[in-house]
Amino acid sequence: MNDEILFEVRGKAGFVTLNRPKALNALTHDKVRALASQLERWADDPAVRHVVIGGAGGKAFCAGGDIRSIYDAGRAGELDGLKTFFRDEYTLNAYIKAYPKPYIALIDGIVMGGGVGVSVHGSHRVGTENTLFSMPETGIGFFPDVGGTYFLPRMPRKTGVYCALSAGRLKQADALACGVLTHAAARENLSDLQTALESTDDVDATLERFLVSPEAGPVEKNAELIEHAFSASSVEEILGRLDSLGDEFAQKTASAIRGKSPTSVLIAFEQMKRGAALTFNDCMQLEYRIVSQILKGEDFFEGIRAVVVDKDQSPKWQPNQLAQVDRAGLASYFEEPSDGDLLI
């Protein structure tokens, strides 16, 4: 394996470093496979008591999947290869969720998309004051995957539905309040924390020594508003409630949702409703169904074009209005794909 992902055992801990800082540690298919293989080996190694994963460079833990390579593969007609990538990624997410040893993510900087998938399902998620969490997928014509179907609807006071539809960003305090993080720590102490994890048999007690208590963030402060708006029974009703509230947070949130792919927003809303009642593995199966259909469409590739390729930030959604989306056609995103369901 090349040096884009590093593995090292130090003392009682297996350390993983996502080592592609110029690309904000974006996940590639090779990195997904390498991480899965190493985690399996460490699961069977009695010398490794727990796993610690972090990102190099100081700007990001992991900003998501390598969507430029996904765009290039899609435009080359290599959809089967893309489906294999997502199948392997979702299987890895489920493996992390069920991992038999403590799995500690040290989040310093951006954590989005695929980076969330290799952190938020671990037993311990430690975020510094530089943490910036988001599931921005509706803004590129995609949907909040990598286990978002499970953890987002379980976040308190509809904050996960807010994140799913609007791509809302959570900094350290809000990420802790919403359950994305289990612990908050200071960046300046991360090195000492890693050293402590090398020798400890008690992860919880060790983390306790490094905890900080950040002040409440804007999402926590607006939790009542978010719960009121995002408890609505339709996206249109959510937007209506936000419009009627009239304050700045509500207006910005409504504007953000209206700028996303209408199809993606409606998929995500249905995804949140279904995911709230599903097991984790069933959520991953549902996500594979959705991605199998999305890869056949245009919005995902158009979103990547606008944000990453041409960078004009002006995606041409098809259709570009919620009212124009074929509601009956949305059912196809939740049906078993032609190559069968994801089996975990």
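As shown above, the structure is provided for reference.
Residues numbered from 1 in each chain as written. Predicted model: local features only at pLDDT ≥ 70, side-chain atom pairs only at ≥ 80, totals over all residues. Heavy atoms only, no water.

1. Considering the sheet that holds strand β3 (residues 50-55)
Overall, mixed pairing links the 6 strands, which are arranged β1-β2-β3-β5-β7-β10 in an open sheet. Of all the strands in the sheet, the pair left with one neighbour each is β1 (5-10) and β10 (183-184). With 2 bridges joining them, strand β7 (residues 124-127) and β10 adopt parallel strand pairing. When the bridges of β10 are listed, V126 appears paired with H183. Lying on the sheet, helix α1 (residues 29-43) is in contact with β1, β2 (13-18), β3 and β5 (103-107); it crosses β1 at an angle near 15°. (Pairing = 2+ DSSP bridges. Helix = DSSP H or I, 4+ residues; strand = E, 2+ residues; numbered from the N terminus. Contact = heavy atoms within 4.5 Å. Axes fitted to C-alpha atoms, helices over the stretch in contact; angles between N-to-C directions.)

2. Digging into the sheet that holds strand β8 (residues 132-134)
Spatially, the 4 strands line up as an open sheet ordered β4-β6-β8-β9, and their pairing is mixed. Looking at which strands have only one partner, the edges of the open sheet turn out to be β4 (60-62) and β9 (170-171). With 3 bridges connecting them, strand β6 (residues 110-112) and β8 associate as parallel partners. Across the sheet, I110 pairs through a bridge with L132, a residue of β8.

3. What about the pairing of β1?
Where β1 meets β2, 6 bridges bridge the pair, whose relative direction is antiparallel. By the bridge assignment, L6 is partnered in β2 with T17. Taking the residues that link successive antiparallel strands as the turn, the β1-β2 hairpin has 2 residues, and the phi of G11 there is positive, at about 65°.

4. Concerning the nonpolar core
With 90 residues, the main nonpolar core has Y90, L165 and F230 as its most contacted residues. Beyond its immediate stretch of four places on either side in the chain, Y90 contacts F142, F143, D145, V146, M284, E287, Y288, V291, L342 and I344. (Core = buried A, V, L, I, M, F, W, Y, C linked by side-chain atoms within 4.5 Å. Buried < 20%, exposed > 50% of the residue type's maximum accessible area, 1.4 Å probe, protein only.)

5. Focus: the side chain of T28
One can find T28 in the loop between β2 and α1. Here T28 falls in the buried class, since its relative accessible area comes to 15%. Sequence-distant contacts of T28, that is, excluding residues within four places in its chain, are made with E4, R20, D66 and F85.

6. Describing the packing of aromatic side chains
Tallied over the entire structure, the rule returns 13 aromatic pairs. Between the aromatic rings of F85 and F86, the centroid separation amounts to 5.0 Å while the plane-to-plane angle is 65°, which identifies the pairing as edge-to-face. Ring plane angle 35° and centroid distance 5.6 Å describe the contact between F86 and F142, whose orientation is recorded as tilted. Here F86, found in helix α3 (residues 79-97), pairs with F142, found in the loop between β8 and α5 (148-151); they are 56 residues apart in sequence, far enough to count as distant. As far as burial versus exposure is concerned, F86 and F142 are alike and both buried. Taken together, the ring pairs connect F85, F86, Y90, F142, F143, F300 and F301 into an aromatic cluster. In this structure, R10 packs its charged tip against the face of F15, placed 3.8 Å from the ring centre. A cation over a ring is seen here: R274 above F334, with NZ or CZ 4.3 Å from the ring centre. (Phe/Tyr/Trp six-rings, centres within 6.5 Å; stacked < 30°, edge-to-face > 60°. Lys NZ or Arg CZ within 6 Å of the ring centre and 35° of its normal.)

7. Focus on the pairing of β7
The side-chain alternation of β7 yields two buried faces, one formed by H124 and V126 and the other by R125 and G127. As judged from the 4 bridges shared by β5 and β7, these two strands associate in the parallel manner. From the neighbouring strand, I107 faces β7, where its bridge partner is G127.

8. Notes on helix α16 (residues 299-309)
Taken across its 11 residues, α16 has 8 buried, putting it largely inside the fold. Regarding α16, the residues found buried are D299, F300, F301, E302, G303, I304, R305 and A306. Of the surrounding elements, those touching the buried residues of α16 are α2 (67-75), α3, α14 (262-275) and α15 (280-294). Phi for K311, located one or two positions after α16, is positive at around 60°.

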